[in-house]
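Each chain, written out:
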Amino acid sequence: MNTYVDIHIVQDLPPSCVNRDDSGSPKSAIYGGVQRLRISSQSWKRATRHDFTDYLDASELGTRTKRVVEVLAKEIARQAEDLSDQAQSLAEQVFQAAKIKLVDSRAKNGEESLKSQESGYLIFLSHRQIAMLAELAIASDRSGKALDKKAVKAIFKSGNSIDVALFGRMVADDADLNVDAACQVAHAISTHAAENEFDFYTAVDDEKARSEEKEDAGAGMMGTVEFSSATIYRYATINIGMLLENLGNNEATLRALTAFIKSFIRSMPTGKQNTFANRTLPDTVVIHIREDQPVSFVGAFEKPIAQDLTEGYVTRSVRQLADHERKLEETYGFKPLHGFAVSMESPEAVESLGERISFADLDGRVREVVARRLPGAESE
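Report follows, based on the coordinates.

Cut-offs and rules
Residues numbered from 1 in each chain as written. Predicted model: local features only at pLDDT ≥ 70, side-chain atom pairs only at ≥ 80, totals over all residues. Heavy atoms only, no water. Helix = DSSP H or I, 4+ residues; strand = E, 2+ residues; numbered from the N terminus. Buried < 20%, exposed > 50% of the residue type's maximum accessible area, 1.4 Å probe, protein only. Contact = heavy atoms within 4.5 Å. Areas by Shrake-Rupley, 256 points an atom, 1.4 Å probe, with all protein chains shown as cover. Lys, Arg positive; Asp, Glu negative; His and termini not counted. Charge placed at Lys NZ, Arg CZ, Asp CG, Glu CD. Core = buried A, V, L, I, M, F, W, Y, C linked by side-chain atoms within 4.5 Å. Phe/Tyr/Trp six-rings, centres within 6.5 Å; stacked < 30°, edge-to-face > 60°. Lys NZ or Arg CZ within 6 Å of the ring centre and 35° of its normal. Axes fitted to C-alpha atoms, helices over the stretch in contact; angles between N-to-C directions. Parallel < 35°, antiparallel > 145°, perpendicular 65-115°, else oblique. Left-handed = near helix turned anticlockwise from the far one by under 90°. Nonpolar A, V, L, I, M, F, W, Y, C, P; charged D, E, K, R; others polar. Expected span 1.5 Å × (residues − 1). Polar contact = N/O pair within 3.5 Å; in protein donor to acceptor, adjacent residues only side chain to side chain. Salt bridge = Lys/Arg side-chain N within 4 Å of Asp/Glu carboxyl O. 1 Å grid on protein atoms, 1.4 Å probe; cavity = no way out; pocket = protein on both sides within 12 Å on 5 of 7 lines; lining within 4 Å. Points joined across faces, edges and corners; volume = space filled by probe spheres on them.

Notes on the overall build of the chain
Reasoning step 1: Summing up its helical and strand segments, the chain has 13 helices and 14 strands in all.
Reasoning step 2: By principal-axis analysis of the C-alpha atoms, the chain measures approximately 80 × 75 × 35 Å.
Reasoning step 3: Across the 380 residues of the chain, 46% fall into the buried class.
Reasoning step 4: Considering only contacts within the chain whose residues lie at least 6 apart along the sequence, 72% involve residues at least 24 apart.
Reasoning step 5: For the chain, the exposed area adds up to about 19300 Å²; of that, 47% sits on carbon and sulfur atoms.
Reasoning step 6: The centroid of the 46 positive side-chain charges in the chain is displaced by 5 Å from the centroid of its 58 negative side-chain charges.

Next up, the structure:
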């Protein structure tokens, strides 16, 4: 049976520039005919992945890099010190067996130029897969037999880490090694019209300021930085069936689900963080467990929330979210199996969105509901 976990978040973002474009401006989008602040899905997925490291062991996670040969060579040398001199060559053979094309790269080391091989694009591998590939390469060298290409591919298809299972992997040279992402993350947008602003800054040279040469005691540097502020709507959905397929067992699936819930809610992209100290937590989090299909509530804000200094944007955004969810349910009959709400708003504001609980209890309660729907579990 299908199971989807939808996460809806309303969050206040103070003056900041957490995610900027190639010109240094906060990203934006036109939605509902007006400009909105936008934070890309890639930016928040990276922030979520980095938050995993606070409480998940490295063995449950992966690494995404072009330097796959270097990473695998280090693991081969760690497992078999006597093969340190051959480690890079063995690592290259592994990726050649997987039909992943390698390209030359050069890294400066003093006056020497060291030639190495890397993939032409980022490859996402779990630490477990790296360890297993190293074991296979070592066994091949010890036995004198050529690498088993089928065994190499089998490792790529098994032992996925939590982050690989959630966010997927694309291998351009062999689609058979791809991992379909079990999680989709939307670009976050402001619930109202939002314009970028400029901060003109100066930095005083301390030594110049102390100098008796007052005519040269001005700023050591000056410039401008763009920023914006907004109340934003964030959305993500997890396909539990796909997550189970990627990880292979119920317990790993539930652990990945709860890890994503915690990290997606509390993480924040780190762009210009030292400049703006913009870390906030959501005002309201709504999680719906569904069996029909994932449903974003972004349509609640197609008509931008109007300015009202008596209430601000957050409270009215939550109210608009609840109203939109009610209309969707009445129109389409798409009713979630269960809903939970963590909110700083009044109980009345979120009562239609789900059972009100604390953040500390949220991931455990979602886990309980989803666990009952996994293969082998008792029916509800």
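Resuming the write-up.
Things to note about the nonpolar core
Reasoning step 1: Of all hydrophobic cores here, the largest spans 51 residues; its most connected members are L166, F260, I287, L362 and V366.
Reasoning step 2: Counting residues per element, this core draws most heavily on helix α9 (residues 250–266), which supplies 8 residues.
Reasoning step 3: One finds V68, I76, L83 and V171 within the second-largest nonpolar core, a separate group that totals 30 residues.

A short note on the side chain of Q117
Reasoning step 1: Along the chain, Q117 turns up in strand β6 (residues 112–119).
Reasoning step 2: Those residues in contact with Q117 that lie beyond four places of it in its chain are V69, Q88, E92, L102, V103, D104 and S105.

Examining the packing of aromatic side chains
Reasoning step 1: Across all of its chains, the model carries 5 aromatic pairs by this definition.
Reasoning step 2: On the numbers, 5.5 Å between centres and 50° between planes, the contact of Y233 with F301 is tilted. Pair noted here: Y233 is in strand β11 (residues 219–239) and F301 is in the loop between β12 (284–290) and α11 (312–332), with a separation of 68 residues, a long-range link. Like F301, Y233 is buried.
Reasoning step 3: Taking 5.2 Å as the distance between ring centres and 10° as the angle between the ring planes, the aromatic pair formed by F260 and F264 counts as stacked. With F260 and F264 both in helix α9 and 4 residues apart, this pair spans about one turn of that helix.
Reasoning step 4: Note on F260: relative accessible area 0%, which makes it buried.
Reasoning step 5: Members of the aromatic cluster, each reached through a chain of ring pairs, are F167, F260 and F264.
Reasoning step 6: Geometry around Y55 places K262 over its ring, the cationic atom sitting 4.2 Å from the centre.

Remarks on the packing of helix α1 (residues 41–52) against α9
Reasoning step 1: Between α1 and α9, the least distance of the axes is 8 Å, while the angle of their chain directions is 120°. It follows from the interaxial angle that α1 and α9 lie oblique. As for the relative orientation of α1 and α9, their crossing is right-handed in sense. Contacts between α1 and α9 involve W44, T48, D51 and F52 from the former and A259, F260, S263, F264 and R266 from the latter.
Reasoning step 2: Classifying every residue of the contact of α1 with α9 gives 5 nonpolar, 2 polar and 2 charged.

Comments concerning α9
Reasoning step 1: Taking 1.5 Å as the rise per residue, α9 with 17 residues should run 24 Å; its terminal C-alpha atoms sit 25 Å apart, in good agreement.
Reasoning step 2: Taken together, the buried positions of α9 are occupied by T253, L254, A256, L257, T258, A259, F260, I261, S263, F264 and I265.
Reasoning step 3: Sitting at the head of α9, N249 places a side-chain oxygen 3.2 Å from the backbone nitrogen of E251.

Focus on the pattern of salt bridges
Reasoning step 1: Scanning the model with the defined rule gives 18 salt bridges in all.
Reasoning step 2: Between R78 and E75 there is a salt bridge, and its shortest N-O distance comes to 2.8 Å. In this pair, R78 and E75 both sit in helix α2 (residues 68–79), 3 residues apart, roughly one turn of the helix.
Reasoning step 3: When its relative accessible area of 59% is taken as the criterion, R78 is described as exposed.
Reasoning step 4: Using a relative accessible area of 14% as the deciding quantity, one classes E75 as buried.
Reasoning step 5: Several salt bridges converge on common partners, so that one network encompasses D323, R326, K327 and E330.

Describing empty space enclosed by the protein
The gaps of empty space that remain are located by a probe, the size of a water molecule, rolled over the atoms.
Reasoning step 1: Within the structure shown, the criterion is met by 3 cavities of 30 Å³ or more.
Reasoning step 2: Put simply, the parts of the chain that give the lining of the largest cavity at least two residues each are β1 (4–16) and β3 (34–39).
Reasoning step 3: Counting residues per element, the lining of the largest cavity draws most heavily on β3, which supplies 3 residues.
Reasoning step 4: Of the residues in the lining of the largest cavity, the class split is 6 nonpolar, 3 polar and 2 charged.

Re the environment of P336
Reasoning step 1: Position of P336 among the secondary structure elements: in the loop between α11 and β13 (338–343).
Reasoning step 2: Separated by 330 residues in sequence, P336 and D6 place their C-alpha atoms 9.6 Å apart.
Reasoning step 3: Those residues in contact with P336 that sit more than four places away from it in its chain are H288, I289, R290, E325 and E329.

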